[in-house]
Every structure is written in structure tokens, then in C-alpha cells.
Amino acid sequence: AALCLSALVFGPTIGPVAGVLHAADEAPPAAPPVSYHKQVRPIFQARCQGCHQPAKQGGEYLMTSFARLLKGGESGKTAVVTGKPEGSHLLHEITPKDGKAAMPEGGEPLAAAEIALIRTWIEEGAKDDSPAVRAQYDSAHPPTYSHAPV
């Protein structure tokens, strides 16, 4: 009978070792969802918001407000259709065709990895995970105190 090399090194075994998973049995760990605040928003800030902000609103599209980011601009097409990247006008605008993309206008197209990240974020439901905005105080909106300030 042929002798297994592992039996010579490790000794004879009687079936699989309990609790040990083989590579074929392991499921790859699930990737965390794409974060709008940490991953997508920085791309928009660097590559889009120079033109799509309150002072300019290129194409009547505002990307500094999450609600307006989803809505879209003068085209009348919904920019982000949650869960449906193919129906999202934003993705059509940033995806290059023949090496050129409609947006950013006059600039280099977004990197393939950036587009893939935005696509995945839309597929996952395009959620806004930005932290809650802290209250802004000014003379018209002073803070209220539960106790007298010190």
C-alpha cells in the first residue's frame, strides 16, 4: 500500500480534523457597504463640486446637498436611482465611452475604481451615512440651556 507523505510527517489521521474548514468550504467575508460619507462624498468633493455647488450649479445640478444630489438637474433625469445604477443619470454622465466621459466636463474621466465604487454605492441603495449635523448657533439662533451657563 502507498504511504502518504503527511502520514510520515504528522502521523496517521482518521478522517478530517474537527473544526477545520477547507478553502473550498469557506465563504469569502462580506465586504462592508460603501460609505457615502467616507468614500463617495470625497470623490464628488474633489471632482464634481467645483462646478456643481451653490455658487455655480452647473447644469442646475447641486451636489453639495444629498437630496439635490439624488434628484438631478436641468436634464430632468433622476441623477441617482437607489438600487438601480443603470437608471441613474449620474452614472451615465461619469462613465467614459470611447475614452471620454461627459463629466467632469473638460477634465479627465474618473478612475475606473472610483466609478465602480459609485456604482456599488448606488446598487447598495445610495444611503447617506453622514453624521448628523451639529446645530449652528448665531445671533438669530442662540443655544438654549437646561441650566444656567457657568
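Each value, and the rule that gives it
- Residues numbered from 1 in each chain as written.
- Predicted model: local features only at pLDDT ≥ 70, side-chain atom pairs only at ≥ 80, totals over all residues.
- Heavy atoms only, no water.
- Phe/Tyr/Trp six-rings, centres within 6.5 Å; stacked < 30°, edge-to-face > 60°.
- Helix = DSSP H or I, 4+ residues; strand = E, 2+ residues; numbered from the N terminus.
- Buried < 20%, exposed > 50% of the residue type's maximum accessible area, 1.4 Å probe, protein only.
- Axes fitted to C-alpha atoms, helices over the stretch in contact; angles between N-to-C directions.
- Parallel < 35°, antiparallel > 145°, perpendicular 65-115°, else oblique.
- Left-handed = near helix turned anticlockwise from the far one by under 90°.
- Contact = heavy atoms within 4.5 Å.
- Nonpolar A, V, L, I, M, F, W, Y, C, P; charged D, E, K, R; others polar.
- Salt bridge = Lys/Arg side-chain N within 4 Å of Asp/Glu carboxyl O.
- Arc of directions from axis to C-beta.
- Polar contact = N/O pair within 3.5 Å; in protein donor to acceptor, adjacent residues only side chain to side chain.
- Core = buried A, V, L, I, M, F, W, Y, C linked by side-chain atoms within 4.5 Å.

Draft legend 1. Structural context of the packing of aromatic side chains. In total, this model carries four aromatic pairs according to the counting rule given. Here the aromatic rings of Tyr36 and Phe66 are separated by 5.0 Å at their centres, their planes lie at 75°, and the arrangement is edge-to-face. In this pair, Tyr36 is assigned in helix α2 (residues 36–47) and Phe66 in helix α3 (residues 66–71), connecting sequence segments 30 residues apart. Here the two residues Tyr36 and Phe66 agree in accessibility, since each one is buried. A connected cluster of aromatic rings, assembled from ring pairs, spans Tyr36, Phe44, Phe66 and Trp121.

Draft legend 2. View of the packing of α2 against helix α5 (residues 112–123). Look at α2 against α5: their axes get within 11 Å of each other, and the N-to-C directions meet at 130°. With respect to α5, the axis of α2 lies oblique. As α2 packs across α5, the resulting crossing turns out to be left-handed. On α5, the residues touching Tyr36, Gln39, Val40, Ile43, Phe44 and Arg47 of α2 are Glu114, Leu117, Ile118 and Trp121. Taken together, the residues of the contact of α2 with α5 sort by class into seven nonpolar, one polar and two charged.

Draft legend 3. Structural detail: the side chain of Gln49. Inspection of the secondary structure puts Gln49 in the loop between α2 and α3. If sequence neighbours within four positions are ignored, Gln49 has contacts with Phe44, Met63 and Thr64.

Draft legend 4. Structural context of the pattern of salt bridges. All chains considered together, the criterion is met by two salt bridges. Between Glu114 and Arg47 there is a salt bridge, with its nearest N and O atoms 4.0 Å apart. In this pair, Glu114 sits in helix α5 while Arg47 sits in helix α2, placing the two residues 67 residues apart along the sequence. You can call Glu114 partly exposed: its relative accessible area is 23%. Note on Arg47: relative accessible area 27%, which makes it partly exposed.

Draft legend 5. Fine view of unusual backbone geometry. Of note, the bond from Met103 into Pro104 is cis; its omega dihedral lies within 30 degrees of zero at 0°. Along the chain, Pro104 turns up in the loop between α4 (89–94) and α5. Phi is positive for Gln57, close to 50°, though the residue is something other than glycine. Tracing the sequence through the fold places Gln57 in the loop between α2 and α3. Taking relative accessible area as the criterion, Gln57 reaches 28% and is therefore assigned partly exposed. The backbone of Asp98 sits at a positive phi, close to 55°, despite the residue not being glycine.

Draft legend 6. Inspection of α2 at higher detail. Taken residue by residue, α2 has Tyr36, Val40, Ile43 and Phe44 as its buried positions. Along the long axis of α2, the arc covered by the buried residues comes to 100°, so they all point the same way. Relative to its buried face, α2 has exposed residues pointing more than 90 degrees away, namely Lys38 and Ala46. In this structure, the buried side of α2 is in contact with α3, α4 and α5. At the N-terminal boundary of α2, the capping side chain belongs to Ser35, with an oxygen 3.4 Å from the backbone nitrogen of His37.

Draft legend 7. The arrangement of the nonpolar core in detail. In this structure, Phe44, Leu69, Leu90, Ile118 and Trp121 are the most contacted members of the largest nonpolar core, which totals 21 residues. Mapped by element, the contributors of at least two residues to this core are α2, α3, α4 and α5. Apart from residues lying up to four places away in sequence, Trp121 is in contact with Val34, Tyr36, Val40, Phe66, Leu69, Leu70, Val80, Ala126 and Lys127.

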